[in-house]
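Analysis of the macromolecular model
What follows is each chain in one-letter form.
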Amino acid sequence: MAPARDEHLDAIRALMAAHSPPLHALVVPSEDAHQSEYVSEQDKRREFISGFTGSAGLALITMKEAFLWTDGRYFLQATQQLSNRWKLMRMGEDPPVEAWIADNLAAEAVIGINPWCISVDSAQRYEHAFSKKHQTLFQLSSDLVDEVWKDRPLVEPRSVIVHPVEFAGRSVPEKIKELREKLVHEKATAIIITALDEVAWLYNIRGGDVDYSPVVHSYAIVTLHSAFFYVDKRKVTVEVQKYMSENGIEIREYETVQSDASLLASGKLQSSVHVEKDMNEVESSKIWIDSGSCCLALYSKLSPHQVLTLQSPIALPKAVKNPTELDGLRKAHIRDGAAVVQYLSWLDNQMQENYGASGYFSEIKGSQKKENLATKLTEVSVSDKLEGFRATKENFKGLSFPTISSVGPNAAIIHYKPEASTCSEMDADKIYLCDSGAQYLDGTTDITRTVHFGKPSEHEKSCYTAVLKGHIALDIAVFPNGTTGHALDILSRAPLWREGLDYRHGTGHGIGSYLNVHEGPHLISFRPSARNVPLQASMTVTDEPGYYEDGSFGIRLENVLICKEANAKFNFGEKGYLAFEHITWAPYQTKLIDTELLTPVEIDWVNTYHSDCRKILEPHLNEQEKQWLMKATEPIAASS
């Protein structure tokens, strides 16, 4: 693959040199025209040009060098995937791309960008950094990577699907009315909505345009008296056409959003759908955009003085789940937990039968792989089996991300994605980490469990136990309203820090209701952005500390939590206090726990959690699986 990619790099540079004006550098982001984290196959430009397959990263191509920036989840993966013509830049350690350009490229250098694939925030940050040497961020009329990418995947129209209120919990008129009230409050007359999950949430629709995320490539513009849905009309069925019309939403072709943004800016955007005028007229003509998700191409159609740049008013209502969504999430996680237990029980049996493993419960040293195995177990074949268990569950719609099924050294690659042709065979003498999730009509799931089917080392046990202690510490946290995920992140790290250990990823992310598996605006992380949004009751968030030793093993434990009001004895400052409810159900492997390192409170937590697992999951299992779960959830005792 590398030689072909090297040719692509040369071809890009030829286009840069021939461009008017000539480009000194080209920025190739990971994002699509909606600033999505996960993108469709035809939008994976950065992956195509660099060979790096991680979800987060940015490529910079100059006339002589090529760089890839990515975060700590992907450092190891990037070193393995990049050819020697690329240099890895580590976010948080190396200068950010705009600072590197400002410091290393010549004065008045021209840096090309596809204006659809960069947010307003990022573009303004770049322009500010470039100003000191009069460098220019140049908006390209066509993407240079697309010109080189001769076999770029074609777009396949996939139908828009109405998401019923029985799962959504709130109707579209309710949501639009609340949105318009926020427009009036901020003295805005319209909003341009660009994030795919926000359009899907607002209009109660789902789709299949991005693998693992049930979204539709679309935009929305909502004014005080009209609403528009911009989509490839080949995706719109008669049912969806009728549904949109009934909800006062006009459907327009996807590409017309740019010209309509211009019409909106000049006050000439007209709708053919009649809507009763029940809002007070707003004197100002401010147009609301979220500068973190709105692209430069659309922003450029507006006059800067008329733009209101605030966090999207949809972000919080989407993140704070309504009672129907919470009920659905709880139910989806029970079915999902049953699938995970079925999988672990099956895998335990397979590892013993085919690899002579001591198994999930025993620590007897030594394993003997059977000669001439008819079917060897690989990271991919076992994860396919897990998907099979999930597929039998009610409301299953697919996976929520590619399963991270990883053995031994691969488990140290935080977002490892096994490929059938290159993945590792299962190994009874190495740790196995499985991070997986599914999309159900009533909720999205995300769970990680780490297990060992042989004899774990004392070091592996102590590391696993430190991760478990951090996992429990966050789960049992009680904190005042107004607390952000930045303040809570330390709880999960402290037990690791005491051992001089740490991990290079955040501790928790929001999760959608049959939407994106990673959902903002809140998060639990050391990153400064985690200071921006306090946690609120009815938000969902993951609890996933880890520890990774390059070339050896990786450990991560993950549950989904719902933020709830705490039953605290006092209420200092009259703030109200919050706590968490875990809704993920699957056992922790007790043979990996060094009970000497656990406090009585932590031992009680594990035993209570395991007892609840039994009660909740047993009705969904057959007799053999129930017996396995009974054994997996036997109480642990403090070491004497």
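Residues numbered from 1 in each chain as written. Predicted model: local features only at pLDDT ≥ 70, side-chain atom pairs only at ≥ 80, totals over all residues. Heavy atoms only, no water.

Looking up the protein chain in an unreviewed UniProt entry gives the name Xaa-Pro aminopeptidase, with the organism given as Sorghum bicolor. According to the UniProt record, the Cofactor (unreviewed entry) comment for the protein chain is "Mn(2+)". Taken directly from UniProt, the Catalytic activity (unreviewed entry) text for the protein chain runs: "Release of any N-terminal amino acid, including proline, that is linked to proline, even from a dipeptide or tripeptide." (UniProt positions renumbered as here; feature names shortened; annotations may be inferred.)

What follows concerns the overall build of the protein chain. Along the backbone of the protein chain there are 19 helices and 28 strands. Relative to the compact-globule value of 26 Å for 640 residues, the protein chain shows a C-alpha radius of gyration of 26 Å, a close match. For the protein chain, the C-alpha atoms occupy an extent of roughly 75 × 60 × 50 Å along the three principal directions. Burial analysis of the protein chain (640 residues in total) assigns 59% to the buried set. Split by element, the accessible area of the protein chain, about 26,200 Å² in all, is 51% carbon and sulfur. Across the protein chain, the 65 positively charged side chains and the 86 negatively charged ones have centroids separated by 1 Å. (Helix = DSSP H or I, 4+ residues; strand = E, 2+ residues; numbered from the N terminus. Rg over C-alpha atoms; globule rule 2.2 N^0.38 Å. Buried < 20%, exposed > 50% of the residue type's maximum accessible area, 1.4 Å probe, protein only. Areas by Shrake-Rupley, 256 points an atom, 1.4 Å probe, with all protein chains shown as cover. Lys, Arg positive; Asp, Glu negative; His and termini not counted. Charge placed at Lys NZ, Arg CZ, Asp CG, Glu CD.)

Glancing now at the UniProt feature "domain: Peptidase M24 C-terminal" (unreviewed entry) in the protein chain. Feature annotation in UniProt places "domain: Peptidase M24 C-terminal" (unreviewed entry) on residues 576-636, given in this structure's numbering. Span residues 576-636 is 46% helix and 10% strand, its end C-alpha atoms 35 Å apart.

Bringing the packing of aromatic side chains into the picture now. All told, the structure shown has 19 aromatic pairs when counted by the stated rule. Aromatic side chains tyrosine 343 and tryptophan 346 sit 6.2 Å apart centroid to centroid with 25 degrees between the ring planes, which places their arrangement in the stacked category. Here tyrosine 343 pairs with tryptophan 346, and both are found in helix α14 (residues 323-355), just three residues apart, close to one helical turn. An identical accessibility class is assigned to tyrosine 343 and tryptophan 346; each is buried. Relative to tryptophan 628, the ring of tyrosine 360 lies with its centre 4.7 Å away and its plane at 55 degrees, an arrangement referred to as tilted. (Phe/Tyr/Trp six-rings, centres within 6.5 Å; stacked < 30°, edge-to-face > 60°.)

What follows concerns the sheet that holds strand β15 (residues 396-399). With respect to topology, three strands assemble into an open sheet ordered β15-β18-β19, the strand pairing being antiparallel. Looking at the sheet topology across the chains shown, the edges are occupied by β15 and β19 (443-444). The pairing of strand β18 (residues 438-440) with β19 spans two bridges and is antiparallel. Within β19, the position partnered with glutamine 439 by the bridge is threonine 444. The sheet strands contacting helix α15 (residues 379-391) are β15 and β18, and the helix crosses β15 at an angle near 165 degrees. (Pairing = 2+ DSSP bridges. Contact = heavy atoms within 4.5 Å. Axes fitted to C-alpha atoms, helices over the stretch in contact; angles between N-to-C directions.)

The strand order across the open sheet formed by four strands is β21-β28-β27-β24, and the pairing between neighbours is antiparallel. Strand pairing shows two members of the sheet lacking a second neighbour, β21 (479-480) and β24 (540-543), which therefore form its edges. Direction of pairing for β21 relative to strand β28 (residues 577-582): antiparallel, over a ladder of two bridges. Pairing of phenylalanine 479 across the sheet is with leucine 578, part of β28.

So, about a nonpolar patch on the surface. A cluster of nonpolar side chains, namely Ile490, Leu491 and Trp497, defines an oily patch on the protein surface of about 260 Å² accessible area. Take leucine 491: it is sitting in helix α17 (residues 485-497). The class for leucine 491 is partly exposed, based on a relative accessible area of 30%. (Patch = residues over 30% accessible without salt bridge, like charges linked within 9 Å, V, L, I, M, F, W, Y side chains within 5 Å. Salt bridge = Lys/Arg side-chain N within 4 Å of Asp/Glu carboxyl O.)

Attention shifts here to the domain arrangement of the protein chain. Along its sequence, the protein chain is organised into domain 1 (1-148), domain 2 (161-318) and domain 3 (323-632). Spacing between the C-alpha centres of domain 2 and domain 3 amounts to 36 Å. Counting residues at the interface gives 18 residues for domain 2, matched by 20 residues for domain 3. For the pair domain 2 and domain 3, the summed buried area comes to about 1,600 Å², and 59% of that belongs to carbon and sulfur atoms. The tally of links from domain 2 across to domain 3 stands at one salt bridge. Across the pair lysine 318 and glutamate 519 runs a salt bridge, and its minimum N-O distance is 3.5 Å. For the pair domain 2 and domain 3, the number of links is three residue pairs in polar contact (both at pLDDT 80 or more). When contributions to the side of domain 2 that touches domain 3 are tallied by element, the ones reaching two or more residues are α7 (165-168), α9 (196-203) and α13 (315-319). It is α7 that contributes the most residues to the side of domain 2 that touches domain 3, four residues altogether. (Domains from an automatic or database assignment. Buried area = accessible area lost by both parts, 1.4 Å probe. Polar contact = N/O pair within 3.5 Å; in protein donor to acceptor, adjacent residues only side chain to side chain.)

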